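# Residue-level structural notes
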Amino acid sequence: MVNINLAATSYENDKRSSSYYNQGMFVIVAILVILAGAYLWIYFSVNSTVAKTAAANNQYDAEYKKFIGGNNKNVMDFQNRLTVAKELLNQKNSGYGSLPAIETAMVQGVYLNSLAFDQLKNSIATEGIADNFDMMAKQVLSFKQSAFFSGVTTGKTSLDKDGKVNFVLNLSIK
Amino acid sequence: MKLKILLAPILIVLIIIMAVWFVIPGFQDLNNKKADLEKANAKLADIQNKNSKADRLMQSLDSNNDKLNTLLTYIPNQEKEEEIISNLNSLASAAGLSVFSMSIAPVEIAANVPAVDASTAGVPADGGEAMSAEAAKPTISNFKVSLGVAGSYENIKSLIIKIASLRRFNNIAGLEISKDTSAKGAGQTSSNDLQANMSLNFNYIARNNSVINIDDTVFSGDGFDMSVVDDIQSKMNTIVNGLTVGATGVANPFVK
């Protein structure tokens, strides 16, 4: 007796799994196509972006050459001078203010034989003559009280043949 | 049938390979390239903007010629020592002083300000960092002028005030005032017999030392801040007189 399978389920199962397989394959192929399309799009986009970047860089170079050439040097030169002039104009120069400061602080009856302003040391060395040591001391105090000077250093003092006091004072400028 | 069974996993592996090796790195590469493009476009827009501002600044310079001249007098582009000699001499004469010596020391470059070649300044498109503002500073050439004058204290003071307000930058590096003992002998001097030896600092900025710094704020601002020129014009009242040579040419240079 020949075995004959009359059950219809196996055929239907095969049909169904074939349909699943086809659907799965369709999805897989679709994903593959999408990926391939995406890769192609990326490839051309990268090329196009690189070309655009190169064009922008070339244009930048041309603009840069225009920038450093031509009249911009005059603009920069003027600006540099403005900047430097501002710094210089605000620079304190004690040399010009030293004479009025000394005039104001001089005690009557005391006078100078010489003065020497030194910008690097920011000080003034003076040689003066006073009638006596008391006057000299007053002169030292007057310089100390001046708003222009930060310190007074007393140097050599001596009496001259007329009995007057020759003194040396070193004045530090604030 | 066997091929059909193998096809699906092969295709899935192919999908994974394509995604991992091609699409994802490609996408990242694209993003990087887009960032580069954005950067390049931003730089381009920036320099185009600066170029157009520079054009406007140039027009502003052309229309402010007197301010340019004031600034070029205050900080000239050359030493112009002849102008200094001429002006100091005329100021001393006007103050009633006699000039007994005048000398100009050689130029020294300001040590804290480096000289930079203009052609190498700025930012090229193919790389390199922006030149710092410090490196792009102009080179200042300083020199000292020594001046010896004789006369009264008031006149010396008047000269110093005039020099202080000269429209060319200067400052006093040294000032010595002493009684002129050579005039009448020691012990016989008056307050009018004084000698003053001054050491004055002058400077200039050579034009070709002004480098172009692409990042300088002047090219991103609205224009020049001319307030310093106004200050020079209002505070510095002693005009710097120009000098002309006059008639030239003699048959014998050793005969007057």
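To be clear, the structure that these remarks concern was listed above.
Residues numbered from 1 in each chain as written. Chains lettered and ligands numbered in written order. Predicted model: local features only at pLDDT ≥ 70, side-chain atom pairs only at ≥ 80, totals over all residues. Heavy atoms only, no water.

The next subject is the overall build of chain B. Across its full length, chain B holds 6 helices and 5 strands. Seen in sequence order, chain B has helices and strands lined up from the N terminus as α-α-α-β-β-β-α-β-α-β-α. Taking all 256 residues of chain B together, 40% fall into the buried category. Put simply, of all contacts in chain B between residues at least 6 apart along the chain, 82% involve residues at least 24 apart. Accessible surface, chain B as shown: approximately 13900 Å² in total, 55% of it carbon and sulfur. (Helix = DSSP H or I, 4+ residues; strand = E, 2+ residues; numbered from the N terminus. Buried < 20%, exposed > 50% of the residue type's maximum accessible area, 1.4 Å probe, protein only. Contact = heavy atoms within 4.5 Å. Areas by Shrake-Rupley, 256 points an atom, 1.4 Å probe, with all protein chains shown as cover.)

Of note in this structure, Asn122 of chain A is not a glycine but carries a positive phi near 55°. When its relative accessible area of 25% is taken as the criterion, Asn122 of chain A is described as partly exposed.

To continue, consider empty space enclosed by the protein. Residues and elements named next belong to chain B. For the structure shown, the criterion picks out 1 cavity of 30 Å³ or more. Of the voids in this model, the largest cavity is the one considered here, and its volume is about 40 Å³. Lining of the largest cavity is provided by Glu83, Ile84, Asn87, Leu166, Arg168, Phe202 and Val240. Looking at which element gives the most residues to the lining of the largest cavity, the answer is helix H3 (residues 81–94), with 3 residues. Taken together, the residues of the lining of the largest cavity sort by class into 4 nonpolar, 1 polar and 2 charged. (1 Å grid on protein atoms, 1.4 Å probe; cavity = no way out; pocket = protein on both sides within 12 Å on 5 of 7 lines; lining within 4 Å. Points joined across faces, edges and corners; volume = space filled by probe spheres on them. Nonpolar A, V, L, I, M, F, W, Y, C, P; charged D, E, K, R; others polar.)

We now examine the interface of chain A and chain B. Tallying the contact residues gives 60 residues for chain A and 88 residues for chain B. A salt bridge links Lys157 of chain B to Glu103 of chain A; its shortest N-O distance comes to 3.0 Å. The tally of links from chain A across to chain B stands at 14 residue pairs in polar contact (both at pLDDT 80 or more). Those elements that provide at least two residues to the side of chain A that touches chain B are helix H1 (9–68), helix H2 (72–89), helix H3 (94–105) and strand E1 (111–118) of chain A. (Salt bridge = Lys/Arg side-chain N within 4 Å of Asp/Glu carboxyl O. Polar contact = N/O pair within 3.5 Å; in protein donor to acceptor, adjacent residues only side chain to side chain.)

Checked against the element boundaries, Tyr111 of chain A lands in strand E1. Each C-alpha atom of the pair Tyr111 of chain A and Ala130 of chain A lies 6.8 Å from the other, and the pair is 19 residues apart in sequence. Among residues more than four places away in sequence, those in contact with Tyr111 of chain A are Met106, Gly128 and Ile129 of chain A together with Lys179 of chain B.

Looking at the secondary structure, you find Thr53 of chain A in helix H1. The buried category is assigned to Thr53 of chain A, whose relative accessible area is 12%. Those residues in contact with Thr53 of chain A that lie beyond four places of it in its chain are Lys33, Asp36, Leu37 and Ala40 of chain B.

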